[in-house]
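Breakdown of the fold
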Amino acid sequence: MTERTVHVDVTGMSCANCSDTVTSAVEDVEGVTEASVNFATDDASVTYDADDTSLAAVYDAIESAGYTPIAESITVAVTDMSCANCADTIHDRLADVPGVVDADVNFATDEATVRYNPADVDRSALYDAVEEAGYTPVREDDSPGAGAGGDGASAGGGREESAADVARREEIQRQKRLTVFGALLSVPLLGMLAAHLFAPALLPDRIPGLGIQFEWVAFALATPVQFVLGKEFYENSWTALAKNRTANMDVLIALGSSTAYFYSVARLLGFPGAGFYFDTAALILVFITLGNYLEARSKGQAGDALRELLEMEADTATLVADDGTEREVPVDDVAVGDRMKVKPGEQIPTDGVVVDGQSAVDESMVTGESVPVSKEPGDEVVGSTINENGVLVVEATKVGADTAIQQIVQTVKDAQSRQPDIQNVADRISAYFVPAVIANALFWALVWGLAPQFLADLVGGLLPWGLVGGGPVASAGGAGGVGVLEFAVVVFASAVLIACPCALGLATPAATMVGTSIGARNGVRFKGGDILARVKDTDPFV
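Residues numbered from 1 in each chain as written. Predicted model: local features only at pLDDT ≥ 70, side-chain atom pairs only at ≥ 80, totals over all residues. Heavy atoms only, no water.

A word on the nonpolar core
One broad trend across soluble globular proteins is that nonpolar side chains are buried collectively. Note the threshold: Buried residues of nine kinds, namely Ala, Val, Leu, Ile, Met, Phe, Trp, Tyr and Cys, make up a nonpolar core once their side-chain atoms join them within 4.5 Å. Only protein chains enter the area calculation, which uses a 1.4 Å probe; residues under 20% of their type maximum are buried, those over 50% are exposed, and those in between are partly exposed. The helix count covers DSSP runs of H or I at least four residues long, the strand count covers runs of E at least two residues long, and both are numbered beginning at the N terminus. Pairs of residues are marked as contacts when any of their non-hydrogen atoms sit within 4.5 Å.
Ranked by size, the top nonpolar core spans 38 residues in total, and within it Met-81, Ile-90, Leu-94 and Leu-126 carry the most contacts. Put simply, the parts of the chain that give this core at least two residues each are β5 (72-79), α3 (84-95), β6 (100-106), β7 (111-116), α4 (123-132), α8 (249-268), α12 (421-450) and α14 (484-497). Of all the elements, α12 adds the most residues to this core, at five residues. Excluding residues within four positions of it along the chain, Met-81 makes contact with Cys-86, Ala-87, Ile-90, Val-105, Asn-106, Phe-107, Asp-110, Glu-111 and Tyr-135. Among the nonpolar cores identified, the runner-up in size contains 25 residues, and Ala-222, Ala-260, Tyr-261 and Leu-268 belong to it.

This is the structure in structure tokens:
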């Protein structure tokens, strides 16, 4: 039994009957052992068994009774995630933090959105939970350029760049440097592979002047790639296996590349066999890192699309006092009820209603309609739209996160978190996918090792192109094939590597995120990935 006691602030209670209603509703939740609600302090103290129920169930009970439990939400940017398993691991760690109501971790956007009880937990505890799971949270308060809400545009747009944007940009550059480094070392390996396949006489058996095997050249080129590009895969694999007791895509990558690399090292040191696979180990890591770079760049472009929307907001507003005096203030300082003067050519700072003046307003950024709309006293206007000719005095009705432009941005973010049906299926099987792949690879490596001739005869008759390397033979390097052990290693490495990265688990969320962002930038807003997936069945429309 894991007993927890939480203190929840509740609004909406007006008398003792209200507190009795909330108490009864909470006590009816299975797993709640004690509930005490104080109408005078608007406070509820609830003791419950975390093994039988959750804080979310307590909140649901209070809301079902017609009252509002106080909760706050935070979006935390997270680096180092490589697949849906990583997102599941972070979700579980966040959900275990006392005071967390619910959490949603999106691998595609590298973000965790957490709803929590501010009376029992703070942001620092949430950051710590992410770190304990083996990943790196971007602490907005740790960056001097961090915007308060994490949605600031770049400095070029007049707004501070958020810590999440900085981290995303640095990740793109890091993956680019790794890709270039690995590619420079792998190009000679690729040339050696081509020569081995099509002109083997070009490659000497020994390094001239040294008298050692020429494969030491491949070792010298592949080793930096293996341990520089492979470092993050090894670290992430260790975190997944040792700390979180799970397996992710990094495990497959590390296992497959290491099998090829260390088998080749063993061959150099005298282990019997016929081939070397340094090129395979290096090229796999280069291709995977290139994929990570392209993925990070796509995420960055999606973030740019949201920043472009935010950059449409005005930076300042001209407030008009009751005595007619004017003063310019940052748009964040505008409050509901303030009156703003908007001159021709200026942006309307925030949503409001016209109280004086007549003009035409260009609302194309919201409606897509290129013809300016006439505005006069009593008409509503949308923040960030352009006043075309006359002078308007506008009374602010919505500010901050309630404005239309902010709602559009939030809609896009919500859409990125709403997954297509096929992605939900992928997430459900992701926890079993990697262990199944490893088990399958081990099984077939063992079968080929125990019954090579039987399988060679069976499979060889089905494949018009024959078996890899000529198939297994009883002695290593035998005529027309490779040794049984070496062939089994090739089978194992191939089965592991061909499964990573899983296109369904990695490409689908990235495509959803990029698609919804590009749509928003072009005036088309999708409610989620499931809606985006249906576009292929849509007839042309105007």
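Now, onward.
Side note on the packing of α3 against α4
Each pair of packed helices can be summarised by the angle the axes make with each other and by the distance between the axes. Keep this limit in mind: A fitted line through C-alpha atoms serves as each axis, taken over the contacting stretch for helices, and the angle formed by two N-to-C directions is quoted from 0 to 180°. By definition in this entry, angles of less than 35 degrees are roughly parallel, angles greater than 145 are roughly antiparallel, angles of 65 to 115 are roughly perpendicular, and the rest are oblique. Left-handed describes a crossing whose near helix is turned anticlockwise from the far helix by less than a right angle; the clockwise case is right-handed. Any residue that is not Ala, Val, Leu, Ile, Met, Phe, Trp, Tyr, Cys, Pro, Asp, Glu, Lys or Arg is counted as polar, Gly included; the first ten are nonpolar and the last four charged.
Contact geometry of α3 with α4 gives a least axis separation of 9 Å together with a crossing angle of 135 degrees. The orientation of α3 relative to α4 falls into the category oblique. Crossing hand, α3 versus α4: right-handed. Of α4, the residues touching α3 (which contributes Ile-90, Arg-93 and Leu-94) are Leu-126, Ala-129, Val-130 and Glu-132. Tallied by class, residues from the contact of α3 with α4 come to five nonpolar, no polar and two charged.

What to know about the sheet that holds strand β17 (residues 392-396)
For clarity, the cut-off: We treat two strands as partners when DSSP finds at least two bridges between them.
In space, the six strands of this open sheet follow the order β10-β9-β11-β17-β12-β15, with antiparallel pairing throughout. Across the chains shown, the open sheet's two edge strands, defined by having one partner strand only, are β10 (326-330) and β15 (380-381). Where strand β12 (residues 352-356) lies against β17, four bridges are found, and the strand directions are antiparallel. Bridge pairing in β17 links Val-354 to Val-394.

Some words on the layout of surface pockets
Inclusion rule: Only protein atoms enter the calculation, which uses a 1 Å grid: trapped sets of points that fit a 1.4 Å probe without letting it out are cavities, open sets showing protein on both sides within 12 Å along at least five of seven lines are pockets, and any residue with an atom within 4 Å of a point is a lining residue. Grid points are joined across faces, edges and corners, and a volume is the space filled by probe spheres set on the points.
Roughly 960 Å³ of volume is contained in the second largest pocket. The wall of the second largest pocket is formed by 32 residues, among which Leu-193, His-196, Phe-276, Tyr-277 and Asp-279 lie closest to the centre. Within the residue set of the lining of the second largest pocket, elements represented by two or more residues are α5 (163-198), α6 (215-229), α8, α9 (278-310) and α14. Looking at the lining of the second largest pocket element by element, the count peaks at six residues for α14. Across the lining of the second largest pocket, the residue classes tally to 22 nonpolar, six polar and four charged.

Overview of the confidence of the model for the chain
Basically, it comes down to this: A residue's pLDDT is the confidence the predictor assigns to it, expressed on a 0 to 100 scale.
The predicted model of the chain has a mean per-residue pLDDT of 82, with 85% of residues at 70 or higher. Ranking the helices and strands of the chain by mean pLDDT puts α6 first, with 94, and helix α15 (residues 503-521) last, with 66. Contacts from residues 142-158, a stretch scored under 50 in pLDDT, to residues over four places away or in other chains number 35 contacts.

Quick look at the packing of aromatic side chains
What counts is decided by this rule: Aromatic contacts are taken between Phe, Tyr and Trp rings whose centres are within 6.5 Å, Trp giving its six-membered ring; a plane angle under 30 degrees counts as stacked, one over 60 as edge-to-face, and the others as tilted. Counting as a charge over the ring demands two things of the Lys NZ or Arg CZ atom: a distance within 6 Å of the ring centre and an angle within 35 degrees of the ring normal.
What the rule picks out here adds up to 13 aromatic pairs. On the numbers, 5.9 Å between centres and 70 degrees between planes, the contact of Phe-219 with Phe-278 is edge-to-face. Placement of Phe-219 in helix α6 and of Phe-278 in helix α9 is noted, with a sequence separation of 59 residues between them. For Phe-219, a relative accessible area of 23% corresponds to the partly exposed category. One aromatic cluster in this structure is built from Trp-216, Phe-219, Phe-227, Tyr-234, Tyr-261, Phe-262, Phe-276 and Phe-278. Sitting over the face of the ring of Phe-276, Arg-267 holds its NZ or CZ atom 4.6 Å from the ring centroid.

A short note on the pattern of salt bridges
Put simply, the rule reads: Definition used for salt bridges: Asp or Glu carboxyl oxygen within 4 Å of a side-chain nitrogen of Lys or Arg.
One pass over the full model with this rule turns up ten salt bridges. Where Asp-102 meets Arg-115, a salt bridge forms, and the shortest distance between an N and an O atom there is 3.7 Å. Pair noted here: Asp-102 is in strand β6 and Arg-115 is in strand β7, with a separation of 13 residues, a long-range link. Here Asp-102 falls in the partly exposed class, since its relative accessible area comes to 36%.

Regarding a nonpolar patch on the surface
So the rule is basically this: Like-charged residues within 9 Å of one another, or nonpolar side chains (Val, Leu, Ile, Met, Phe, Trp, Tyr) within 5 Å, are grouped into patches, provided each residue has over 30% relative accessible area and no salt bridge. Per-residue and other accessible areas follow the Shrake-Rupley method at a 1.4 Å probe size, with only the shown protein chains counted as cover for residues.
On the surface, Phe-287, Leu-290 and Leu-294 cluster together to form a nonpolar patch covering roughly 280 Å² of accessible area. With respect to the helices and strands, Leu-294 occurs in helix α9. A relative accessible area of 38% places Leu-294 in the partly exposed class.

Considering unusual backbone geometry
The phi dihedral of Asp-42 is positive, around 55 degrees, even though this residue is not glycine. Looking at the element boundaries, Asp-42 is found in the loop between β2 (32-38) and β3 (43-49). Residue classification places Asp-42 among the partly exposed positions, given a relative accessible area of 30%.

As for the packing of α6 against α8
Closest axis-to-axis distance for the α6/α8 pair is 11 Å, and the angle between their directions is 145 degrees. The handedness of the crossing between α6 and α8 is left-handed. Between α6 and α8, the contacting residues are Glu-215, Trp-216, Phe-219, Ala-222, Thr-223, Gln-226 and Phe-227 on the first element and Ser-257, Ser-258, Tyr-261, Phe-262, Val-265 and Leu-268 on the second. Residues belonging to the contact of α6 with α8 are distributed by class as follows: eight nonpolar, four polar and one charged.

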